[in-house]
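Tertiary structure, described
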Amino acid sequence: MSSLSPKYTQAIWEFAEALQKEKQIESGLTNCLEIMKKTIDCEAGFVWMEHEKTGRLFIIACATPADMTGVSISKEQGVVGHVFNSGENMVLHGRAKEDSPLYESDDSTGIII
């Protein structure tokens, strides 16, 4: 059985603390995303949910330079839609983002969706 590296173990403890401190789950999730960004050295993080009535995906928490909370997309759109529908994990690095047929970016923020 493999064990987690110390930085991931520390991140898990910080997640638990961040979620316990907040009165609203969205704020706790945003704090967890900030911890994750620091831990894995990434530029942004999102929590997407499907709206029960419209079927659209929307952001309930984000750790980005621009607040994108509430942004919604079709569940067939971009990388997010592909991951939602296929259940696959997907990470696109550098130029791979632009070369992917799934690449789309939000016009107002430049964030890849």
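Residues numbered from 1 in each chain as written. Predicted model: local features only at pLDDT ≥ 70, side-chain atom pairs only at ≥ 80, totals over all residues. Heavy atoms only, no water.

1. Some words on the sheet that holds strand β1 (residues 45–50)
Pairing is antiparallel in the open sheet, where three strands are placed in the order β1-β2-β3. Where the open sheet ends on each side, the last strands, each with one partner, are β1 and β3 (72–73). Bridge analysis of strand β2 (residues 57–63) against β3 gives two bridges, and the strand direction is antiparallel. Pairing of L57 across the sheet is with I73, part of β3. In the packing of helix α2 (residues 25–40) onto the sheet, contacts are made with β1 and β2, and the angle to β2 comes to roughly 60 degrees. Here helix α3 (residues 78–86) sits on the sheet in contact with β1, β2 and β3, set at roughly 110 degrees to β2. (Pairing = 2+ DSSP bridges. Helix = DSSP H or I, 4+ residues; strand = E, 2+ residues; numbered from the N terminus. Contact = heavy atoms within 4.5 Å. Axes fitted to C-alpha atoms, helices over the stretch in contact; angles between N-to-C directions.)

2. Considering the pairing of β2
Extensive coverage of β2 is indicated by the burial of six of its seven residues. Note that β1 and β2 share six bridges and pair antiparallel. Each residue of the ladder has a partner; that of W48, found in β2, is I59. (Buried < 20%, exposed > 50% of the residue type's maximum accessible area, 1.4 Å probe, protein only.)

3. Some remarks on a nonpolar patch on the surface
A surface patch of nonpolar side chains, about 440 Å² in accessible area, is lined by L4, Y8, I12, M36 and I40. Where the nonpolar patch is concerned, the elements lending two or more residues are α1 (6–21) and α2. Note that M36 resides in helix α2. When its relative accessible area of 31% is taken as the criterion, M36 is described as partly exposed. (Patch = residues over 30% accessible without salt bridge, like charges linked within 9 Å, V, L, I, M, F, W, Y side chains within 5 Å. Areas by Shrake-Rupley, 256 points an atom, 1.4 Å probe, with all protein chains shown as cover. Salt bridge = Lys/Arg side-chain N within 4 Å of Asp/Glu carboxyl O.)

4. Focus on the pattern of salt bridges
Taken as a whole and judged by the stated rule, the model has four salt bridges. K37 serves as the salt-bridge partner of E34, at 3.6 Å between the closest nitrogen and oxygen. Of this pair, E34 and K37 both sit in helix α2, three residues apart, roughly one helical turn. Overall, E34 belongs to the partly exposed group, its relative accessible area being 38%. What makes K37 buried here is its relative accessible area of 17%. E50 is paired through a salt bridge with K75; the nearest N and O atoms lie 2.9 Å apart. Note that E50 is positioned in strand β1 and K75 in the loop between β3 and α3, a separation of 25 residues in sequence. Taking relative accessible area as the criterion, K75 reaches 25% and is therefore assigned partly exposed.

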